[in-house]
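# Topology and contacts: notes
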Amino acid sequence: DTLFFDTVFTTVGTTTEVFKVKNPHKQFIRIDDIRLAGGAFSVFRINVDGVSGLRFSDLELAPRDSMFVFVEATLDPNDSDDILRIQDSIVFEANGNVQDVDLIAWGQDVHMIGEETINQNTTWEAGKPYLIIDYLYVDSLALLTIDPGVKVYLHKDALIYVDGSLQVNGTLEEPVSFGGDRLEEFYEHLPGQWGLIYFTESSHSNRISHAEIRNGTIGILISARPESGLMPDLQIDNTLINRMSSSGIYALNAAVSAENLVVGDCGGSCVSLNYGGDYYFTHCTLANYWPQGFSARRLPALWLADYFGTYDEDGNLVLYTGGEFNNAVIENSIIYGSKAMELLIESYDNLQLNYLIDYCLTRIHEDSLGYLEDPLITNIINNEEPLFDSIPVIYELDSLSPAIDAGFPAHATGVPFDKNGNSRLDDAAPDMGAYEWIGGDG
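In this convention, every chain numbers its residues from 1, walking through the sequence in written order. Local features in this predicted model are restricted to residues whose pLDDT is 70 or higher, and side-chain atom pairs enter the listing and the counts only when it is 80 or higher, whereas totals over whole chains, interfaces and linings include all residues. The basis for the side-chain values is all heavy atoms of the structure; hydrogens and waters are excluded.

### A look at the side chain of Asn274
On the secondary structure map, Asn274 appears in strand β24 (residues 271–282). Here a residue-residue contact requires only that any non-hydrogen atoms of the pair lie within 4.5 Å. Excluding its chain neighbours within four sequence positions, the residues that come into contact with Asn274 are Tyr250, Ala251, Leu252, Asn253, Tyr279, Trp303, Ala305, Tyr307, Phe308 and Phe325. Each helix is a run of H or I in the DSSP string that is no shorter than four residues. Each strand is a run of E no shorter than two, and both are numbered from the N terminus.

Below is the structure:
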């Protein structure tokens, strides 16, 4: 007897909900009146069997037949940071009997951003969420600071484009969140709902701390053209990137330092390091269990390559080769997933790349990568399930995980606390990955 709408943003229309009015009897039923109780002042709109309106009279419903009633709403701004409950009803009158279906929605005011440029230092504060409909552009001389607890929602294909600097200052208690603007339960884990966060070759001094980035196309794209001579930088820590339809992080000629980073369930790679750059990943969990029901995943959880391809204006493939890495260091981390090969290192010209994979739990197919003879892949645990406790969202360790106490203490001294704020230095050795298992003697 009640139709519920999940929390929706004011001024943005809801999804369309539907219910059926059935005649279970063997005779025709005459419905004298169907009306929206709030009339023209209601935030709700109704459609009865394909006809929109506020009121419908003298309708007949055949024996064993039914009619569909469609409902949607657009909520007015409420000038409040709080979520407000809004109610109306659809009233049915038949043969002197009155029945109704309640309509309940919760509305949230937002800062609406269409096509906006930030050209001076700006701070986003917690309170009303920020909804990006088209794009947000941070100019080359500007800094956008996002305070703890801010929620950023992005519409389909919307993106954040950073030529200047972005500082995301979440905390353990108040993380900053980035996600799609569809708040219904169906969309909670659905990838590809929005575009990407893009750090261009001129961006600099970027940091993302204690953030959750969910359900987009590419979580973070940070890149510079080979001919530019530039190297955009990003420090990212205590952050979850999950359910991206393409890559979690795609880096090309960039400098990325990551600690306590979790990247899971991507249609491409969790992390793709391309052509060149300077990369350090410490106590990270890259775990790709991309559901086959979405699409066929072909790329590994971690891909390292000294080449990349792009397309020119005519649609022709242009291949760039011969890139060089200053560093590509992965320490005390987990690189795993549902494929037989989740770590792939490629050189277009079969050159030796500058990388180090040390004290990591990996999934490597020996026929594809001869890691046993590779002095740059050391102290690893291979092809042993990490036994995550909570796939597909958190990736914390189960009590029987081989990653427990398997890390190297010296690698943990710079990252003494895990993503949950637990100490890594209070037992025999740190655990591999972003989470320290807490409990028992592990």
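### Side note on the sheet that holds strand β6 (residues 55–61)
Across a sheet, strands are paired by hydrogen bonds formed along the backbone, either parallel or antiparallel in direction. Strand order in the open sheet formed by 5 strands is β1-β9-β8-β3-β6, and the pairing between neighbours is mixed. The open sheet terminates on both sides in strands that have one partner only, identified here as β1 (2–9) and β6. Neighbouring strand axes in the sheet, compared pairwise and without regard to direction, differ in orientation by 20° on average. Think of it this way: DSSP has to see at least two bridges between two strands before they count as a pair. Where strand β3 (residues 29–36) meets β6, 6 bridges bridge the pair, whose relative direction is antiparallel. Orientation is described by axes fitted as lines to C-alpha atoms, over the contacting stretch for helices, and by angles from 0 to 180 degrees between their N-to-C directions.

### Considerations on the packing of aromatic side chains
We call Phe, Tyr and Trp rings a pair once their centres come within 6.5 Å, taking the six-membered ring for Trp, and we label the pair stacked below 30 degrees between planes, edge-to-face above 60, and tilted otherwise. Applying the stated criterion across every chain, the model contains 18 aromatic pairs. The interplanar angle of 25° and the centroid separation of 6.3 Å between the aromatic rings of Phe68 and Phe70 together place this pair among those described as stacked.

### Examining the pairing of β24
Burial classes: relative accessible area under 20% of the type maximum marks a residue as buried, over 50% as exposed, and values in between as partly exposed (1.4 Å probe, protein chains only). Where burial is concerned, most of β24 is hidden: 10 out of the 12 residues are buried. Across 10 bridges, the pairing between strand β23 (residues 249–266) and β24 is parallel. Bridge pairing in β24 places Ile249 opposite Val271. One ladder, built from 4 bridges, connects β24 with strand β26 (residues 302–305); its direction is parallel. Residue pairing in the sheet places Val271 in a bridge with Leu302 of β26. In this structure, β24 lies alongside strand β29 (residues 325–331), joined through 6 bridges in parallel fashion. Considered in β29, the bridge of Asp278 is made with Asn327.

### Regarding a nonpolar patch on the surface
In this scheme, patches are assembled from residues that exceed 30% relative accessible area and form no salt bridge. Like charges are connected within 9 Å, while nonpolar side chains (Val, Leu, Ile, Met, Phe, Trp, Tyr) are connected within 5 Å. Methods summary: accessible areas were calculated by the Shrake-Rupley approach with a probe of 1.4 Å, and residue burial reflects only the protein chains presented. Just to be clear on terms, a salt bridge is a Lys or Arg side-chain nitrogen sitting within 4 Å of an Asp or Glu carboxyl oxygen. Together, Val18, Phe68 and Phe70 give the surface a local cluster of nonpolar side chains, amounting to about 240 Å² of exposed area. Within the secondary structure layout, Phe68 lies in strand β7 (residues 66–73). Judged by its relative accessible area of 38%, Phe68 is partly exposed.

### Some points on the pattern of salt bridges
All told, the structure shown has 11 salt bridges when counted by the stated rule. Across the pair Arg35 and Glu93 runs a salt bridge whose closest N-O atoms are separated by 2.8 Å. Of this pair, Arg35 sits in strand β3 while Glu93 is found in strand β8 (residues 84–94), placing the two residues 58 residues apart along the sequence. You can call Arg35 partly exposed: its relative accessible area is 22%. Relative accessible area serves as the criterion here: at 28%, Glu93 is assigned to the partly exposed category. With its nearest N and O atoms 3.5 Å apart, the salt bridge here joins Arg214 to Glu212. Put simply, Asp33, Arg35, Arg55 and Glu93 are held in one network by salt bridges that share partners.

Just geometry here; none of it tells us what the structure is for.
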